[in-house]
Number of protein chains: 2
Amino acid sequence: MNKGGCIMKSTCSVFTLARTFALGALLTLGLPAQAQTDPLPSWNDGAAKKAIVDFVKDTTTPDSPKFVPAAERIATFDQDGTLWVEHPMYSQVMYILERVPALVKAKPELAKVAPFSTVLQVLHGDRAAIARLTLPDVEKVAVATMTGMTVETFKAEVAKWLAEAKDPRWKRPYTELTYLPMQEVLKYLRGSGYKTYIVTGGGQDFVRVYAEQIYGIPPEQVIGSALGTTYSYAKDGKPILTKAPKLMLNDNNAGKPEGINMMIGRRPLMAVGNSTGDQQMLEYTRAGDGARLSMLLLHDDAKREYAYGPAQGLPATKVGAFTQALYDEAKKQGWTVISMKDDWKTIFSFE
Amino acid sequence: MNKGGCIMKSTCSVFTLARTFALGALLTLGLPAQAQTDPLPSWNDGAAKKAIVDFVKDTTTPDSPKFVPAAERIATFDQDGTLWVEHPMYSQVMYILERVPALVKAKPELAKVAPFSTVLQVLHGDRAAIARLTLPDVEKVAVATMTGMTVETFKAEVAKWLAEAKDPRWKRPYTELTYLPMQEVLKYLRGSGYKTYIVTGGGQDFVRVYAEQIYGIPPEQVIGSALGTTYSYAKDGKPILTKAPKLMLNDNNAGKPEGINMMIGRRPLMAVGNSTGDQQMLEYTRAGDGARLSMLLLHDDAKREYAYGPAQGLPATKVGAFTQALYDEAKKQGWTVISMKDDWKTIFSFE
């Protein structure tokens, strides 16, 4: 998990500074000059890019009336469809389905029981069978594949899957399908003293496996839908935490601000999402005093990524729906809608 | 909440370093020389102090076989009886009891209903009445005084109480009754790249009100027993979070490692507690690979603070009990027991 990287900003600052000072040239300035390079090179100039840059300047320039002390600089990002691709299906749902063969190997009696039998049909090529899977079916498979093992075993299973699984369209690991413009925003915010958090409807333990490696966001800054654990002792007396089928936090809709309050205890200054499940987080963020930035990403680029709404006449979807009501609310409340097509020069780093 | 302070370590490092370099003298060293001052001046030399210093050196010296990258340096501290005084009664219980008159003013019918009537008797000087309060009674009063208001109102009520309430023995605000030797350990750890967390059986929202100001620990690094919130809208349409009587996390005993896994997602390298409620956190911490330090504070100083066990023949207590079984387990498992009497030169900063 990126052990050698420049994760601790304090360490980075010290070494960068030491190197800069070693050159000697900047000594009289007291601090090295800030390079005036564009922090968001993958963004086209426009309202969305301007909103981000203005917000960061407003909240971090010491003599700004909207200045916020570094300790209070919190920004929260939804993950699926906001930081990485969520179509045709959330990566975690693919994980859950693809764990079923191993589950059936351990418990052969499940092979003939729905919904596990249906999942096996889907995996064996009967893509139409996927239509027979209801949300309770997926939840049942989720509980069966994500509980009952130790926290360490779960992490290892997810890491192994991530190293092998590939997105069907780009034929690349899911972890490469992060949006470069959002990666730039995360880095820009952290470079400006912000703590960046993921606040996802997806599984907290699942996202924590890779968030540090692919986004530079450590486990303690990942909030997600969370199953609990049960503390007990292994046969050798060692204490273990076993993933348990008890829902601690349903981190969607109202669960997002509730989860933020529980896990962070401060209201974010900035929040970014892309679907109806993010509305309450954006409302709650925006309702605070001073400078606040709430943003929604609209997937309106069928050519380079996907186009779905149903807002603005885009095709409807059950995966990350952005309704017209949400779009209208964004306009009414002054949230910024990011157009993937118009605002993003580049989408992926591999382009 | 200490907005001007040096809370963000990165900021502190940069300015300290800039100032140091401005002197010019240390330029050739690349980095300023570490002052060889004692990081723990309030500690007497002994096994406990040595264990802390050795542990920090082992985990932070780059060529040490037990070196740990900065991102993984997590230390967790119980609060009541570990970081500040918990006798004769937990501060939060005093808060709950002292909120009852305001509650009765708002709902006069409660004045004649137990346990509220009993609490009023206690507050009116009938100290013996306190013996009639059971744990379910206290929980009932807790729910009545800590739920039903917005998160912001609760914070304001706690802050107001903390500014006025005084400990009965030292006649000082509770917030001044933190242990100086533990404050030194917190600072020493943070100065060595550790993230310091509070993991308390007390109320998460309660401790978050003052933890940043008195310990330098921000809200997002306070884990405690947590009631949930409910998201809704005020009459003016503004979103609000209301404290709700649903227990999200009982952060005692097994709840401590479970809470650590949920809120941090990493196993701590170091954990410190003082009572049976901390045993599982210490076990879980110690069971990890590499250098681990689990410590228990024994209150054996009746003269300068309090003496209670019942371990080692000290008087028994219901508030922060340290049983002989816990003491024996500590010896068996290699946890360090800190003797307040022998290991601490100074207890409070006002001494």
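Below: a short report on this structure.

What counts and how
- Residues numbered from 1 in each chain as written.
- Chains lettered and ligands numbered in written order.
- Predicted model: local features only at pLDDT ≥ 70, side-chain atom pairs only at ≥ 80, totals over all residues.
- Heavy atoms only, no water.
- Phe/Tyr/Trp six-rings, centres within 6.5 Å; stacked < 30°, edge-to-face > 60°.
- Helix = DSSP H or I, 4+ residues; strand = E, 2+ residues; numbered from the N terminus.
- Buried < 20%, exposed > 50% of the residue type's maximum accessible area, 1.4 Å probe, protein only.
- Lys NZ or Arg CZ within 6 Å of the ring centre and 35° of its normal.
- Pairing = 2+ DSSP bridges.
- Axes fitted to C-alpha atoms, helices over the stretch in contact; angles between N-to-C directions.
- Contact = heavy atoms within 4.5 Å.

### Things to note about the packing of aromatic side chains
At step 1: Tallied over the full model, the rule gives 32 aromatic pairs over all chains.
At step 2: Plain terms: the ring middles of Trp 170 of chain A and Phe 348 of chain A are 5.0 Å apart, the flat faces sit at 65° to each other, and that makes the pair edge-to-face. In this pair, Trp 170 of chain A is assigned in the loop between α7 (151–164) and α8 (180–191) and Phe 348 of chain A in the segment after α13 (340–343), connecting sequence segments 178 residues apart. With respect to burial, Trp 170 of chain A and Phe 348 of chain A carry one shared label: buried.
At step 3: An angle of 40° between the planes, with centres 6.1 Å apart, marks the rings of Tyr 179 of chain A and Phe 348 of chain A as tilted. Remark: Phe 348 of chain A occurs in the segment after α13 and Tyr 179 of chain A occurs in the loop between α7 and α8; sequence separation between them is 169 residues. Phe 348 of chain A shares its class with Tyr 179 of chain A; the two are buried.
At step 4: When the ring centre of Tyr 284 of chain B is taken as origin, the NZ or CZ atom of Arg 267 of chain B, which lies over that ring, is 4.3 Å away.

### A look at the sheet that holds strand β7 (residues 336–339) of chain A
At step 1: Strand order across the open sheet formed by seven strands is β4-β3-β2-β1-β5-β6-β7 (chain A), with mixed pairing between neighbours. Looking at which strands have only one partner, the edges of the open sheet turn out to be β4 (239–249) and β7 of chain A. Along the sheet, successive strands turn relative to each other by an average axial angle of 35°, direction set aside.
At step 2: In terms of strand pairing, strand β1 (residues 74–77) of chain A meets strand β5 (residues 270–273) of chain A through three bridges, oriented parallel. Among the inter-strand pairings, Phe 77 of chain A is bridged to a residue of β5 of chain A, identified as Val 272 of chain A.
At step 3: Along the sheet, helix α11 (residues 279–286) of chain B contacts β3 (222–233) and β4 of chain A; its crossing angle with β3 of chain A, the most-contacted strand, is approximately 95°.

The values reported here are purely geometric and, on their own, carry no functional implication.
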